[in-house]
Amino acid sequence: PGVTSVAIPGPAHARAAAVPQARTRRRIGVEARALMLVSGILLAFGLAVLYSASAFKSMDIGRGSAFFLFRQLTGVAAGAVAFAVAAKLDAETWRKYAWHLMALALATMALTVLPFTKSIAPPILGARRYLFGGSVQPSEFAKLAVVVWTAMLVVKKGEQMRRFRKGMLPIAVVIGALGLMAALEPDLSVVLFFGLQMGVIVFAAGGRIGHFVLLGLLAVPVIWEKAQKLQYVMERILGFADAANAAHATVNYQLKQSLIAVGSGGFFGAGFGEGRQQNGFLPLSYDDFIGSSIGEEWGFVGMLGVILLYAAWCWLGFRIAKKAATQFQQLVAIGLTVTMVVTAYLHIGVVIGLLPTTGLTLPFISYGRSNLMLSMLVTGILVNIGSTRERVVGIGATDPLAPAAHRG
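Residues numbered from 1 in each chain as written. Predicted model: local features only at pLDDT ≥ 70, side-chain atom pairs only at ≥ 80, totals over all residues. Heavy atoms only, no water.

**Some words on the overall build of the protein**
Link 1 in the chain: Looking only at helices and strands, the protein has 14 helices and 4 strands in total.
Link 2 in the chain: A burial count over the protein gives 46% of its 408 residues as buried.
Link 3 in the chain: Contacts in the protein between residues at least 24 apart in sequence constitute 70% of all its contacts with a sequence separation of at least 6.
Link 4 in the chain: Looking at the protein as shown, the accessible area adds up to about 19,700 Å², and 67% of this sits on carbon and sulfur atoms. (Helix = DSSP H or I, 4+ residues; strand = E, 2+ residues; numbered from the N terminus. Buried < 20%, exposed > 50% of the residue type's maximum accessible area, 1.4 Å probe, protein only. Contact = heavy atoms within 4.5 Å. Areas by Shrake-Rupley, 256 points an atom, 1.4 Å probe, with all protein chains shown as cover.)

**Quick look at the packing of aromatic side chains**
Link 1 in the chain: Per the stated rule, a full pass over the model turns up 10 aromatic pairs.
Link 2 in the chain: Centre to centre, the rings of Phe-45 and Trp-298 are 5.1 Å apart; their planes meet at 70°, and the pair counts as edge-to-face. With Phe-45 in helix H2 (residues 30-60) and Trp-298 in helix H12 (residues 290-322), this pair connects stretches of sequence that are 253 residues apart.
Link 3 in the chain: Pairing Phe-272 with Trp-298 gives two aromatic rings, centres 6.4 Å apart and planes at 55°, and the pair type is tilted. Highlighted residues: Phe-272 in the loop between helix H11 (253-265) and H12 and Trp-298 in helix H12, separated in sequence by 26 residues. (Phe/Tyr/Trp six-rings, centres within 6.5 Å; stacked < 30°, edge-to-face > 60°.)

**Notes on unusual backbone geometry**
Link 1 in the chain: With an omega of 0°, the peptide bond between Glu-185 and Pro-186 qualifies as cis.
Link 2 in the chain: Positive phi is not limited to glycine here, since Leu-284 has a value of about 55°.
Link 3 in the chain: Relative to the elements of secondary structure, Leu-284 occurs in the loop between H11 and H12.
Link 4 in the chain: Assessed through its relative accessible area of 25%, Leu-284 is described here as partly exposed.
Link 5 in the chain: Its identity is not glycine, yet Phe-364 carries a phi of approximately 75°, on the positive side.
Link 6 in the chain: Of note, Phe-364 is situated in the loop between helix H13 (327-351) and helix H14 (369-385).
Link 7 in the chain: On the accessibility criterion, Phe-364 (3% relative accessible area) is buried.

**What to know about the nonpolar core**
Link 1 in the chain: Membership of the largest hydrophobic core comes to 95 residues, with the highest contact counts inside it found for Trp-149, Leu-178, Phe-194, Trp-313, Ile-365 and Ile-381.
Link 2 in the chain: Sorting elements by how many residues they give to this core places H13 first, with 13 residues. (Core = buried A, V, L, I, M, F, W, Y, C linked by side-chain atoms within 4.5 Å.)

**Points about the side chain of Ser-52**
Link 1 in the chain: Structurally, Ser-52 can be placed in helix H2.
Link 2 in the chain: Beyond its immediate stretch of four places on either side in the chain, Ser-52 contacts Phe-272, Gly-273, Gln-278 and Glu-297.

**Some remarks on helix H3 (residues 67-88)**
Link 1 in the chain: For H3, with 22 residues, the first-to-last C-alpha span of 33 Å sits near the 32 Å given by 1.5 Å per residue.
Link 2 in the chain: Listed in full, the buried residues belonging to H3 are Phe-67, Phe-68, Leu-69, Gln-72, Gly-75, Val-76, Gly-79, Ala-82, Ala-86 and Ala-87. On an axial view of H3, the arc spanned by its buried residues comes to 155°, and they lie on one face. Exposed side chains of H3 directed beyond 90 degrees from the buried face belong to Phe-70, Val-81 and Lys-88. (Expected span 1.5 Å × (residues − 1). Arc of directions from axis to C-beta.)

**Brief notes about the pattern of salt bridges**
Link 1 in the chain: Taken as a whole and judged by the stated rule, the model has 5 salt bridges.
Link 2 in the chain: Where Asp-187 meets Arg-129, a salt bridge forms, and the shortest distance between an N and an O atom there is 3.7 Å. Of the two residues, Asp-187 is situated in the loop between helix H7 (164-184) and helix H8 (188-204) and Arg-129 in the loop between helix H5 (98-111) and helix H6 (138-157); the sequence distance between them amounts to 58 residues.
Link 3 in the chain: Overlapping salt bridges bring together Glu-31, Arg-319 and Lys-323 as one network. (Salt bridge = Lys/Arg side-chain N within 4 Å of Asp/Glu carboxyl O.)

**Here we look at H5**
Link 1 in the chain: The end-to-end C-alpha separation of H5 is 20 Å, in line with the 20 Å expected for 14 residues at 1.5 Å each.
Link 2 in the chain: Among the residues making up H5, those that are buried are Ala-98, Met-102, Ala-105, Met-109 and Ala-110. Seen end-on, H5 carries its buried residues on one side only, within an arc spanning 130°. Of the exposed residues in H5, the ones pointing more than 90 degrees away from its buried face are His-100 and Leu-104.
Link 3 in the chain: On its buried side, H5 packs onto helix H4 (93-96), H6, H7 and H8.

**So, the confidence of the model for the protein**
Link 1 in the chain: Per-residue pLDDT for the protein averages 84, and the proportion of residues at 70 or more is 82%.
Link 2 in the chain: Counted against residues more than four places away or in other chains, residues 1-8, with its pLDDT under 50, gives 1 contact. (pLDDT = per-residue confidence, 0-100.)

**Here we look at a nonpolar patch on the surface**
Link 1 in the chain: A cluster of nonpolar residues, Phe-267, Phe-268, Phe-300, Val-301, Leu-304 and Leu-308, forms a patch on the protein surface that exposes about 620 Å² of accessible area.
Link 2 in the chain: Mapped onto the fold, Phe-268 is located in the loop between H11 and H12.
Link 3 in the chain: Judged by its relative accessible area of 64%, Phe-268 is exposed. (Patch = residues over 30% accessible without salt bridge, like charges linked within 9 Å, V, L, I, M, F, W, Y side chains within 5 Å.)

**Remarks on the packing of H2 against H14**
Link 1 in the chain: Remark: H2 packs on H14, axes separated minimally by 9 Å, with the N-to-C direction vectors making an angle of 165°. By the angle between their axes, H2 is roughly antiparallel relative to H14. As H2 runs across H14, the sense of the crossing is left-handed. Of the residues in H14, those touching H2 at Ala-32, Leu-35, Met-36, Ser-39 and Leu-43 are Leu-372, Met-376, Thr-379, Leu-382 and Val-383.
Link 2 in the chain: By residue class, the composition of the contact of H2 with H14 is 8 nonpolar, 2 polar and no charged. (Axes fitted to C-alpha atoms, helices over the stretch in contact; angles between N-to-C directions. Parallel < 35°, antiparallel > 145°, perpendicular 65-115°, else oblique. Left-handed = near helix turned anticlockwise from the far one by under 90°. Nonpolar A, V, L, I, M, F, W, Y, C, P; charged D, E, K, R; others polar.)

**Some points on the environment of Ala-325**
Link 1 in the chain: Mapped onto the elements of the fold, Ala-325 is located in the loop between H12 and H13.
Link 2 in the chain: Linking Ala-325 and Gly-386, residues 61 residues apart in sequence, is a C-alpha distance of 9.1 Å.

**Looking at the environment of Ala-53**
Link 1 in the chain: Relative to the elements of secondary structure, Ala-53 occurs in helix H2.
Link 2 in the chain: Given a relative accessible area of 1%, Ala-53 falls into the buried group.
Link 3 in the chain: Separated by 221 residues in the primary sequence, Ala-53 and Glu-274 place their C-alpha atoms 9.8 Å from one another.
Link 4 in the chain: Once residues lying within four places of it in the same chain are set aside, the contact partners of Ala-53 are Gln-278, Ser-285, Tyr-286, Ile-290 and Ser-293.

See the structure below:
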């Protein structure tokens, strides 16, 4: 009543064309853009460091100086696809497929330890951590599964997380099964890392401190018993505790060569391509100890720059988590940020002698396509969480009747 209809002259298709068409566009937030920039710097720097650190090894096996670099570039290509998909895919979608991710993680981890799968998971350097001759490392993708699945279950359980039997215990059982397979590879550092990821997410969601204490009292004796049965673990612990003892010279060989590399770099470093320790003295100088190559060739300034870049990555990740639209996205952002940054700082701690030797890589920099793909996939997920989606009418005109923009 009181409203006059006005007909639009002309044929029906002309009238339809006169009505502006609404569409959806994604606007990347400032933090997400900055995160992409920091990740790009780390990746570009990492490729340069990898080439220098692996050139001697590449020529030693008769493959040319850029063999490892070219292989890493295939990982960059695959990682770019993973990043693009993750950045476009609504982050809430990961919640729907959390159980699928966990099932895939359990299945692939099982393939590395079953006795009849040695043809696809052969021992490499005394451990079965890879599939298909070293092309795939299931534990890297299992880290993503732990974050997504734990965040999903914590949100689903809600107030039940305050009760140990219905809250923490079911989560600990599943993550424990994943950790058991990592221990059988063996890779105790990954076991502890799975526990750290779970703990951070549950704590961020308001988990009770008493539950963590109880789980710790149950888990520490089991882990210690397993560590005592693994000779290399005990040797590393004892060697780190008494590094000056000549009896530990063999197990401390990597650490010694790493400290020589970092120490000889001085303040500004020996210069790009001028490092000597990677010329057969420092094992895995392009992988588990690539931080040593950075210290030797780029010096204290280079190491400090890398540390600050990861600190910036951490700050941006937590900023994205703080602004996330849902609790699930917030917990995923926190878990993924902690996963990346703790891995980086543990690696740096090892190469400068602050921590016992472990097999943790340096994200975006160390050789390894599984780790690189995971790093780029994680970045894509965080970029999506740090983006907004809004409706627009026509070209460049925002629909005034559209709902408010939302995250993801």
